[in-house]
Amino acid sequence: MLLDSSFFNQKTALVAQELLGKFLVRRIGGKTLSAMIVETEAYVGPHDLASHASKGKTERTKVMFEKAGVWYVYLIYGMYHCLNIVTEEKGYPSAVLIRALELEVEGKKIANGPGKLCRALGIDRKLNGVSAVAKNAQLFIEDRGEKIPRNKIVKAKRIGVDYAGKWKDELLRFYIKGNKFVSKK
DNA sequence: GGTATGATGGGC
DNA sequence: CCCATCATACCC
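Residues numbered from 1 in each chain as written. Chains lettered and ligands numbered in written order. Predicted model: local features only at pLDDT ≥ 70, side-chain atom pairs only at ≥ 80, totals over all residues. Heavy atoms only, no water.

(A) Molecular detail of the protein's contact with DNA strand B. Within the structure, DNA strand B sits among T58, R60, L75, Y77, G78, M79 and R125. Looking at DNA strand B alone, sugar and phosphate atoms form 62% of those within 4 Å of the protein. T58 places a polar side-chain atom, nitrogen or oxygen, 2.7 Å from a phosphate oxygen of DNA strand B. In the environment of DNA strand B, a base oxygen lies 2.2 Å from a nitrogen or oxygen atom belonging to the backbone of Y77. Grouping the amino acids of the surface near DNA strand B by side-chain chemistry returns three nonpolar, two polar and two charged. (Near = heavy atom within 4 Å. Polar contact = N/O pair within 3.5 Å; in protein donor to acceptor, adjacent residues only side chain to side chain. Nonpolar A, V, L, I, M, F, W, Y, C, P; charged D, E, K, R; others polar.)

(B) Spotlight on unusual backbone geometry. Its identity as a non-glycine residue notwithstanding, Y77 has a phi of 55 degrees, on the positive side. Positionally, Y77 belongs in the loop between β3 (71-76) and β4 (80-86). A positive phi angle, near 65 degrees, is found at E88, a position not held by glycine. Looking at the secondary structure, you find E88 in the loop between β4 and β5 (95-102). (Helix = DSSP H or I, 4+ residues; strand = E, 2+ residues; numbered from the N terminus.)

(C) Representation of the pairing of β5 in the model. Most of β5 sits out of view: seven of its eight residues are buried. Across seven bridges, strand β2 (residues 31-43) lies against β5 in antiparallel orientation. Within β5, the position partnered with T40 by the bridge is I98. Of the pairings in the sheet, the one linking β4 to β5 comprises three bridges and is antiparallel in character. Bridge assignment links I85 to a residue of β5, and that residue is V96. (Buried < 20%, exposed > 50% of the residue type's maximum accessible area, 1.4 Å probe, protein only. Pairing = 2+ DSSP bridges.)

(D) Main features of the protein's contact with DNA strand C. In the region of DNA strand C, 21 residues are neighbours, and H52, N84, G115, G160 and Y163 sit closest. Backbone atoms, meaning sugar and phosphate, make up 60% of the atoms of DNA strand C lying within 4 Å of the protein. Within the side chain of H52, a nitrogen or oxygen atom sits 2.7 Å from a phosphate oxygen of DNA strand C. When residues of the surface near DNA strand C are assigned to their parent elements, the largest contribution, four residues, is made by helix α3 (residues 114-121).

Rendered as C-alpha coordinates:
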(Lines give C-alpha, C1' and ligand atoms only; values in the text may rest on other atoms or scores of the structure.)
Protein backbone atom coordinates (compact mmCIF):
# COMPACT_ATOMS: atom_id res chain seq x y z
CA MET A 1 0.00 0.00 0.00
CA LEU A 2 1.28 3.41 -0.99
CA LEU A 3 1.76 5.77 1.94
CA ASP A 4 -0.27 8.94 1.41
CA SER A 5 -0.11 12.52 2.64
CA SER A 6 -2.22 11.78 5.74
CA PHE A 7 0.49 9.37 6.92
CA PHE A 8 3.19 12.06 6.61
CA ASN A 9 0.95 14.74 8.12
CA GLN A 10 1.52 13.55 11.69
CA LYS A 11 4.05 14.44 14.36
CA THR A 12 7.51 14.06 12.86
CA ALA A 13 8.94 11.83 15.60
CA LEU A 14 5.99 9.48 15.14
CA VAL A 15 6.39 9.38 11.36
CA ALA A 16 10.10 8.64 11.79
CA GLN A 17 9.34 5.59 13.92
CA GLU A 18 6.48 4.40 11.74
CA LEU A 19 8.74 4.51 8.66
CA LEU A 20 10.89 1.71 10.06
CA GLY A 21 9.89 -1.48 8.24
CA LYS A 22 8.35 0.40 5.31
CA PHE A 23 9.79 0.04 1.80
CA LEU A 24 11.38 2.82 -0.21
CA VAL A 25 10.63 2.25 -3.89
CA ARG A 26 12.62 3.83 -6.73
CA ARG A 27 11.64 3.72 -10.38
CA ILE A 28 14.58 4.61 -12.58
CA GLY A 29 15.48 3.83 -16.17
CA GLY A 30 12.58 1.37 -16.57
CA LYS A 31 13.65 -0.56 -13.49
CA THR A 32 12.18 -0.70 -10.01
CA LEU A 33 14.37 -0.97 -6.92
CA SER A 34 13.02 -1.30 -3.42
CA ALA A 35 14.38 -1.86 0.08
CA MET A 36 13.23 -1.73 3.67
CA ILE A 37 13.89 1.37 5.76
CA VAL A 38 15.83 0.49 8.93
CA GLU A 39 17.06 3.85 10.27
CA THR A 40 15.60 7.39 10.36
CA GLU A 41 16.01 10.74 12.10
CA ALA A 42 13.37 13.36 12.94
CA TYR A 43 13.91 17.11 12.45
CA VAL A 44 10.90 18.31 14.34
CA GLY A 45 10.41 22.03 13.76
CA PRO A 46 11.83 25.58 13.55
CA HIS A 47 12.85 25.44 17.23
CA ASP A 48 14.96 22.31 16.61
CA LEU A 49 18.48 23.74 16.38
CA ALA A 50 19.71 20.67 14.49
CA SER A 51 17.24 21.37 11.67
CA HIS A 52 18.21 23.39 8.61
CA ALA A 53 14.88 25.16 9.08
CA SER A 54 15.96 26.64 12.42
CA LYS A 55 17.75 29.36 10.39
CA GLY A 56 14.48 30.34 8.75
CA LYS A 57 13.01 29.99 5.28
CA THR A 58 15.67 30.23 2.59
CA GLU A 59 16.04 29.08 -0.99
CA ARG A 60 17.38 25.76 0.27
CA THR A 61 15.03 25.15 3.18
CA LYS A 62 11.76 26.36 1.65
CA VAL A 63 10.85 22.77 0.73
CA MET A 64 10.72 21.87 4.43
CA PHE A 65 7.78 24.30 4.72
CA GLU A 66 5.83 22.44 2.03
CA LYS A 67 2.94 20.08 2.65
CA ALA A 68 3.56 16.60 4.00
CA GLY A 69 4.71 14.01 1.47
CA VAL A 70 7.23 16.06 -0.52
CA TRP A 71 10.87 15.01 -0.87
CA TYR A 72 13.57 17.31 0.53
CA VAL A 73 16.93 16.44 -1.05
CA TYR A 74 20.10 18.47 -0.48
CA LEU A 75 23.82 18.22 -1.19
CA ILE A 76 26.10 17.75 1.80
CA TYR A 77 29.89 18.04 2.00
CA GLY A 78 30.00 18.82 -1.70
CA MET A 79 29.64 15.17 -2.72
CA TYR A 80 26.69 13.39 -1.11
CA HIS A 81 22.95 13.81 -1.14
CA CYS A 82 20.58 13.29 1.79
CA LEU A 83 16.96 12.18 1.37
CA ASN A 84 14.20 13.52 3.62
CA ILE A 85 10.41 13.37 3.51
CA VAL A 86 8.51 16.50 4.60
CA THR A 87 6.03 16.04 7.47
CA GLU A 88 3.23 17.89 9.29
CA GLU A 89 1.14 20.87 8.17
CA LYS A 90 2.09 23.06 5.23
CA GLY A 91 3.98 26.06 6.57
CA TYR A 92 5.45 24.13 9.50
CA PRO A 93 9.05 23.11 8.63
CA SER A 94 9.82 19.52 9.59
CA ALA A 95 11.06 16.34 7.93
CA VAL A 96 12.37 12.83 8.43
CA LEU A 97 15.87 11.95 7.21
CA ILE A 98 16.05 8.42 5.82
CA ARG A 99 19.45 7.13 6.93
CA ALA A 100 19.66 3.45 5.96
CA LEU A 101 18.02 0.71 3.90
CA GLU A 102 18.33 -3.05 4.00
CA LEU A 103 19.96 -3.38 0.61
CA GLU A 104 22.99 -5.31 -0.56
CA VAL A 105 24.63 -6.21 -3.84
CA GLU A 106 27.01 -9.18 -4.01
CA GLY A 107 27.14 -9.27 -0.23
CA LYS A 108 28.05 -5.60 0.09
CA LYS A 109 25.84 -3.19 2.04
CA ILE A 110 25.24 -0.29 -0.30
CA ALA A 111 22.65 1.79 1.57
CA ASN A 112 23.85 1.77 5.21
CA GLY A 113 24.15 5.55 5.42
CA PRO A 114 22.25 8.57 4.06
CA GLY A 115 24.83 9.45 1.40
CA LYS A 116 25.26 5.84 0.30
CA LEU A 117 21.54 5.23 -0.01
CA CYS A 118 21.14 8.18 -2.36
CA ARG A 119 24.05 6.97 -4.46
CA ALA A 120 22.61 3.43 -4.59
CA LEU A 121 19.17 4.58 -5.75
CA GLY A 122 20.25 7.40 -8.07
CA ILE A 123 18.75 10.13 -5.89
CA ASP A 124 19.90 13.72 -6.37
CA ARG A 125 18.54 17.28 -6.19
CA LYS A 126 16.34 16.73 -9.23
CA LEU A 127 13.96 15.08 -6.75
CA ASN A 128 13.98 18.06 -4.38
CA GLY A 129 10.44 19.40 -3.97
CA VAL A 130 8.94 16.45 -5.87
CA SER A 131 5.90 14.65 -4.43
CA ALA A 132 6.23 11.16 -2.94
CA VAL A 133 2.47 10.66 -2.93
CA ALA A 134 1.57 11.52 -6.54
CA LYS A 135 0.23 8.76 -8.80
CA ASN A 136 3.29 8.30 -10.99
CA ALA A 137 5.95 9.12 -8.43
CA GLN A 138 9.45 7.93 -9.35
CA LEU A 139 10.27 7.65 -5.65
CA PHE A 140 7.74 6.72 -2.98
CA ILE A 141 7.18 4.60 0.14
CA GLU A 142 5.05 1.47 0.53
CA ASP A 143 3.65 -0.41 3.49
CA ARG A 144 4.14 -4.12 2.77
CA GLY A 145 2.67 -5.31 6.05
CA GLU A 146 5.93 -5.45 8.01
CA LYS A 147 5.31 -4.22 11.54
CA ILE A 148 8.24 -3.41 13.79
CA PRO A 149 7.26 -3.96 17.44
CA ARG A 150 7.93 -1.07 19.80
CA ASN A 151 10.51 -3.06 21.76
CA LYS A 152 12.60 -3.48 18.59
CA ILE A 153 12.82 0.27 17.94
CA VAL A 154 15.93 1.86 19.43
CA LYS A 155 15.88 5.61 20.23
CA ALA A 156 19.25 7.36 20.01
CA LYS A 157 20.94 10.72 19.52
CA ARG A 158 21.12 12.06 16.00
CA ILE A 159 24.38 11.86 14.02
CA GLY A 160 26.54 14.86 13.12
CA VAL A 161 24.59 17.56 14.97
CA ASP A 162 27.06 18.57 17.70
CA TYR A 163 26.45 22.24 16.86
CA ALA A 164 22.79 22.03 17.93
CA GLY A 165 23.09 22.98 21.61
CA LYS A 166 20.72 21.03 23.84
CA TRP A 167 19.02 19.61 20.76
CA LYS A 168 22.07 17.47 19.95
CA ASP A 169 21.13 15.11 22.78
CA GLU A 170 17.46 14.64 21.90
CA LEU A 171 16.58 11.01 21.12
CA LEU A 172 15.25 11.65 17.63
CA ARG A 173 17.15 8.94 15.76
CA PHE A 174 15.36 5.62 15.40
CA TYR A 175 16.54 2.26 14.15
CA ILE A 176 15.62 -1.41 14.21
CA LYS A 177 17.37 -3.17 17.07
CA GLY A 178 20.10 -5.55 15.91
CA ASN A 179 19.70 -4.72 12.21
CA LYS A 180 23.02 -5.06 10.40
CA PHE A 181 22.28 -2.25 7.93
CA VAL A 182 22.04 0.53 10.51
CA SER A 183 24.76 3.11 9.80
CA LYS A 184 26.18 3.50 13.33
CA LYS A 185 25.66 1.70 16.60
C1' DG B 1 39.50 -2.20 17.78
C1' DG B 2 39.98 2.97 17.45
C1' DT B 3 40.56 8.05 15.87
C1' DA B 4 41.90 11.50 12.30
C1' DT B 5 41.58 13.64 7.94
C1' DG B 6 40.78 14.91 2.95
C1' DA B 7 37.51 15.21 -0.78
C1' DT B 8 34.44 18.84 -2.66
C1' DG B 9 30.76 22.54 -3.43
C1' DG B 10 26.84 25.07 -1.99
C1' DG B 11 24.64 27.75 1.81
C1' DC B 12 24.95 31.49 4.96
C1' DC C 1 33.48 30.16 7.42
C1' DC C 2 30.44 25.84 8.08
C1' DC C 3 28.36 21.55 7.17
C1' DA C 4 22.11 15.95 8.84
C1' DT C 5 29.05 12.07 4.92
C1' DC C 6 32.23 8.55 3.47
C1' DA C 7 36.54 6.18 2.53
C1' DT C 8 41.03 5.78 3.65
C1' DA C 9 45.09 6.12 6.54
C1' DC C 10 47.36 5.25 10.40
C1' DC C 11 47.74 3.89 15.42
C1' DC C 12 46.99 0.78 19.40
